[in-house]
Each structure stands twice: as structure tokens, then as C-alpha cells.
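Listed below are the residues making up each chain.
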Amino acid sequence: MQPLPGFRDFLPDDCAQRDYITTQWRRSAKCYGFVEFDGPALESAELYEKKNSGGEILSQLYSFRDRGERSVVLRPEMTPTLARIIGSHHRSFLKPLRWFNIGHCYRYEKPQRGRLREFLQLNCDLLGESSPAADAEVIGLLIDIFKSVGLGPRDVVIRLSDRLVWQQFLQDHDLPDEKMREILHIVDKIEREPQSKTEEKLAACSSSLSVKMLQQFIKEAKAPSLAPLLQELSARGLRDYIQVDLSIVRGLAYYTGVVFEAFSLQGGLRALAGGGRYDHLIHHLSDGAANMPAVGFGMGDTVLLDFITSIPSAAEKKASYLAANAPCQIYLVIADETYREEAIMLASQLRREGWRVLFPLSTERVSKQFSNAQAARATLAIVIGAEWPLLKIKHLNTREEEEITPEHLFKKLAGELQSRQGTFP
RNA sequence: GUGGCCGUAGCUCAAUGGUAGAGCUCCAGGUUGUGGUCCUGGCUGUUGCGGGUUCGAGUCCCGUCGGUCACCCCA
């Protein structure tokens, strides 16, 4: 039996790596005062129909009828759920809200690498504040997440743009607002499509615009509205990560202002995260129950993990986290079965103090026990045998051995635990 | 949804149309209380599945399922 197409099993090693990602996500989000929320994976289909009035989107939804004949959908993204929750609970919270979520989302598409039908996503949203300071907080958080996993300005870039700039562009060329969506779609593709196709699409949309004019406008990258945001990012020391790029407009219809995408600079340009400002969506999705400006972003786990693994310094950082969180810290070697009971008592005591401890469940040769200790990636072995009531401890990395009393052992470990506490809370 | 490539042991892969194999992993040993090496032995298959061609198919053909890459799409 295999999992369904586009779904994955997570073996312990996969879980450990995912734990690394989600731990860094949580840590960074909390540093910015974001609080975690969650909602159901299964939602009413109505929630998504409202936003996208039917069409193709629905065919990419995991949708079905439940036993109560309700039309239901596995959430394809978090934002509608967030908007729904905000709509009915926003009066209970002081504004602005800083909320984040880590959860599985689903889409019924043909699976390929980094694009499965079930994926884990981080969403961070700042609601109820329309100033550029809010944009800067959110983008600052995004960058700090990259920093936390060892990615620097040589590894990732945030391409920043503003839809208001394009709105102004349309006005300056006497084009109606209705053309906005079409033009943005063309801009979105301008890098990826051959010029002839872009020209064709542009001609169908407007007679007064040329591809050259668009390209020139993008090249000039004049975006005065972004100045306050850029200033805030400079104050955070994050300007190195930012590149103003007006060709970034994002595919989604609901963005109203600042939009941004994070890309990998090495190993081909891959989108690692994306987001922007959506000032009307909450109002729309909550049926007017709430009305507040919002800015946020989403980031998937698989592409990020792939990328981290391909960057040596980031891979090293991941490896040291995994080593520090190995399944076993202390392995008790029972060299003489006579002392099994003493060993069990010692193990229990160590476990009560929070150490990850293993010992052989049945009689094993000492050489086998050391072998197992290493396989479990323990850093310390404690041999219990003839020297009792003394213990022989062996540092498995340095192979150094010493004999100490149990009391001394606990004192030593207590110091160790304290000094490590700052490393991985 | 469209097209290309690929499906052989748990993993990585061999096998001119002619008896399905290797390495790694795993398990058990190498007699006294010390772990990445080494030596010995052992387990593992409906060759993804279903048809067809052939004396004979892992190999050729068709279908199907799954994987992968590129489009499409991206909430």
C-alpha cells in the first residue's frame, strides 16, 4: 500500500527535518510578537466560492460532499479561514493583530517536485494597521526567518513592488481601472514569455501601450510610495535583501498595495515565499462583519528545506540542530546484568530531569550496546557494572572515559543542561 | 489538463528476447567489559498492474496505475 498520489509518508528523519523548519518559523514569528492560531482543515465550499466566484479555482480544490450533504473543501490556503475567524472574533482583540499559523493545505493538482497535494505552510499576517511600518514588520519577519536557517543576502532576495504604482501608471496613460487585472497579468508574465506573445496580449488589451513602454517602466523602477518602507527596512539593517522590482505583481486578485516575493539566488531562481497587502479582503470575506487593512505572507516547507540543504552553511546549521535533538543523549550500558535494576533506577532519574535516555531491553554484548549507543547518536555512555557503586562515563565523541559517583554525575549534567538551555529553547 | 522520460529486493542499480543478480541496509555470529573499519553467514522479488506478440518477455507492442521533468496554473 502506498500513500495517495501527491501525499507523503514522514519517516522519523523527515519529521526531524520538518521539526527544524517549524521550530525556526515559530521562534522567529514569536520574536515579532506574533501569536499562533489554527482552524479546521475542512471548510465549507462557500468560503472559497465567495472569493473566487466559481471558475477554474474550484477544479483545483479538494472538494466533496460529506455525509450531511454539505459541500466541503480541504483548505487550499489559510487566508479565507483567517478572514472568517477575524470576522466573528475581531472585537475580542486589541488591534493591530499579529497572527501566524503553521498548517497543512491541500490542492488537487498534478503532483511534481516541491508541489504536492498536501503541503505545510507558514502564514504570518498583521491586521488592522495600514502604515508602511506594518509592511516593514512583516517583511522584516520574513527575512529574519531566512536568517534563522542560515540564509543570507547572497542566498535570497526579496523582490518588492507596489500595485499602487501600476494603478498610477494606468491613470497616466488614460486607461480605465478595469484594465488593471489584465495589465498586471501581462506584467506578471513579461519575464517568462516570449516578447511576441506579450505584444499580442497587450494589443488585445490596449492600443496605446507598447511592450517597450512596460519594460522601460519596470527598468526605471520608480516607486516613490515604497520610500517609507525601504527606509524602515534600512533601519532594520535589511536593505541588502531588498530589490525593487515592479515586474512582481503576484497572481492573486486581492492584493491592493505592496507585494513581494522571496527568491533563491543560487541553484536557479525559485520562489520561496510570497505575500503582500490586502486591505479589502477581510471586509469582503467576512460579509462586512470586519473591515481592516492587512498584510501578510505565506511560505511552504518543502522548497525551503530543499534550498537549505543545497547551501552548505545552511545545511550545516540544520545538521547541528538535528545533532542536538538526536533521539538519545545518554545511553546506559549494562555491562553486568546483576546491576540491571540499578541501571533502570538511574535511567528513570535521568529521564525525570529531562534527559533522553536509552538502555538495552534485553541482554546484549557490551560491544553491541556501544554500537547501538552510537546508532542512536548518544553523546554520553554510562557503563554500569563491576565498578558499582561508581559509574564509568564515556564521551562518545572524544572517547574519553572517567569514573565518577552518581551524585557527581547529576551535578555535572545539571550544569550541562543549564549551559545548553540558551541554544535551543 | 497537455507532452517527454522512467517503474527490477527495504535503498541504489545490473541482466544481447534465453536459468532474475550485485552493492548497501537489515538480522545473526567473530567465547573475557567498549562503538564508524574488517571477516563469516542469513533474510528479502507476482521485474508496478493487466492484456498482446513469441517456442520463450524484466527486455518488444497496447492499455492502465504510479513517479519525474517541462508546459498550464498558482490561493
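Asker: Help me understand the overall build of chain A in this model?
Answerer: Across its full length, chain A carries 15 helices and 16 strands. Its C-alpha atoms give chain A principal-axis dimensions of about 95 × 55 × 45 Å. Across the 425 residues in chain A, those meeting the buried criterion constitute 46%. The centroid of the 53 positive side-chain charges in chain A is displaced by 1 Å from the centroid of its 55 negative side-chain charges.

Asker: What exactly am I supposed to notice about the domain arrangement of chain A here?
Answerer: For an interface, size is often stated in terms of accessible area lost upon the parts coming together. Taken as a whole, chain A is organised into domain 1 (12-320) and domain 2 (328-421). For domain 1 and domain 2, the distance between their C-alpha centroids amounts to 49 Å.

Asker: Looking at this model, I keep getting lost on the protein's contact with RNA strand B. Mind explaining?
Answerer: Near RNA strand B lie 37 residues; those nearest to it are Glu77, Leu252, Ala386, Leu396 and Arg399. Sugar and phosphate atoms form 49% of the subset of RNA strand B atoms that lie within 4 Å of the protein. Lys368 has a polar side-chain atom sitting 3.5 Å from a phosphate oxygen of RNA strand B. A distance of 2.8 Å separates a base nitrogen of RNA strand B from a polar atom in the side chain of Glu387. Those elements giving two or more residues to the surface near RNA strand B turn out to be helix H14 (366-375) and strand S15 (391-395). At six residues, H14 tops the list of elements feeding residues into the surface near RNA strand B.

Asker: Sorry if this is basic, but what is going on with unusual backbone geometry here?
Answerer: Glycine aside, negative phi is the norm for most residues, and most peptide bonds take the trans geometry. Omega for the peptide link from Lys95 to Pro96 comes to -5 degrees, which places this bond in the cis form. Its location among the elements puts Pro96 in the loop between helix H3 (79-89) and strand S5 (97-106). With omega at 10 degrees, the peptide bond leading from Trp388 into Pro389 counts as cis. Of note, Pro389 is situated in the loop between strand S14 (380-384) and S15. Its identity as a non-glycine residue notwithstanding, Asp287 has a phi of 55 degrees, on the positive side. Judged by its relative accessible area of 63%, Asp287 is exposed.

Asker: How do you make sense of the sheet that holds strand S1 (residues 35-36) when you look at a structure like this?
Answerer: Pairing between the strands of a sheet is mediated by backbone hydrogen bonds and can be parallel or antiparallel. Taken together, eight strands build an open sheet; the order of strands is S1-S5-S6-S11-S10-S9-S7-S8 and the sheet is mixed. Edge strands, defined here as strands with exactly one partner in the open sheet, are S1 and strand S8 (242-244). Lying over the sheet, helix H5 (residues 163-172) contacts strand S7 (156-162) and strand S9 (258-264), oriented at roughly 40 degrees with respect to S7. With respect to the sheet, helix H9 (residues 227-235) is in contact with S7, S8 and S9, its orientation differing from that of S8 by roughly 165 degrees.

Asker: Got a minute to help me understand the packing of aromatic side chains in this structure?
Answerer: Think of a pair of aromatic rings as described by two things: how far the centres are apart, and how the planes are tilted against each other in angle. This model, assessed by the stated rule, comprises 12 aromatic pairs. On the numbers, 5.0 Å between centres and 80 degrees between planes, the contact of Tyr62 with Tyr108 is edge-to-face. One end of the pair, Tyr62, is in strand S3 (residues 62-65); the other, Tyr108, is in the loop between S5 and strand S6 (118-127), and 46 residues separate them in sequence. Classification of Tyr108 by relative accessible area gives partly exposed; the value is 41%. A ring pair is formed by Tyr339 and Trp388, whose centres lie 6.2 Å apart and whose planes are at 35 degrees; its orientation type is tilted. Taken together, the residues Tyr339 in the loop between strand S12 (330-334) and helix H13 (340-352) and Trp388 in the loop between S14 and S15 connect sequence positions 49 residues apart. The class of Trp388 is partly exposed, set by a relative accessible area of 27%. Chaining the aromatic ring pairs together yields one cluster made of Phe7, Tyr62, Tyr106 and Tyr108. The ring of Phe10 is capped by Arg18, whose NZ or CZ atom sits 4.2 Å from the centre of that ring.

Asker: Would you explain the state of the cysteines in this entry?
Answerer: Note on terminology: a disulfide is the covalent bond linking the sulfur atoms of two cysteines. Under the defined criterion, the tally for this structure stands at zero disulfides. Note on Cys31: no disulfide assigned, nearest cysteine sulfur contributed by Cys124 at a separation of 12 Å. Residue class for Cys31 comes out exposed when judged on its relative accessible area of 67%.

What counts, and where the lines are drawn
Residues numbered from 1 in each chain as written. Chains lettered and ligands numbered in written order. Predicted model: local features only at pLDDT ≥ 70, side-chain atom pairs only at ≥ 80, totals over all residues. Heavy atoms only, no water. Helix = DSSP H or I, 4+ residues; strand = E, 2+ residues; numbered from the N terminus. Buried < 20%, exposed > 50% of the residue type's maximum accessible area, 1.4 Å probe, protein only. Lys, Arg positive; Asp, Glu negative; His and termini not counted. Charge placed at Lys NZ, Arg CZ, Asp CG, Glu CD. Domains from an automatic or database assignment. Near = heavy atom within 4 Å. Polar contact = N/O pair within 3.5 Å; in protein donor to acceptor, adjacent residues only side chain to side chain. Pairing = 2+ DSSP bridges. Contact = heavy atoms within 4.5 Å. Axes fitted to C-alpha atoms, helices over the stretch in contact; angles between N-to-C directions. Phe/Tyr/Trp six-rings, centres within 6.5 Å; stacked < 30°, edge-to-face > 60°. Lys NZ or Arg CZ within 6 Å of the ring centre and 35° of its normal. Disulfide = S-S within 2.5 Å.

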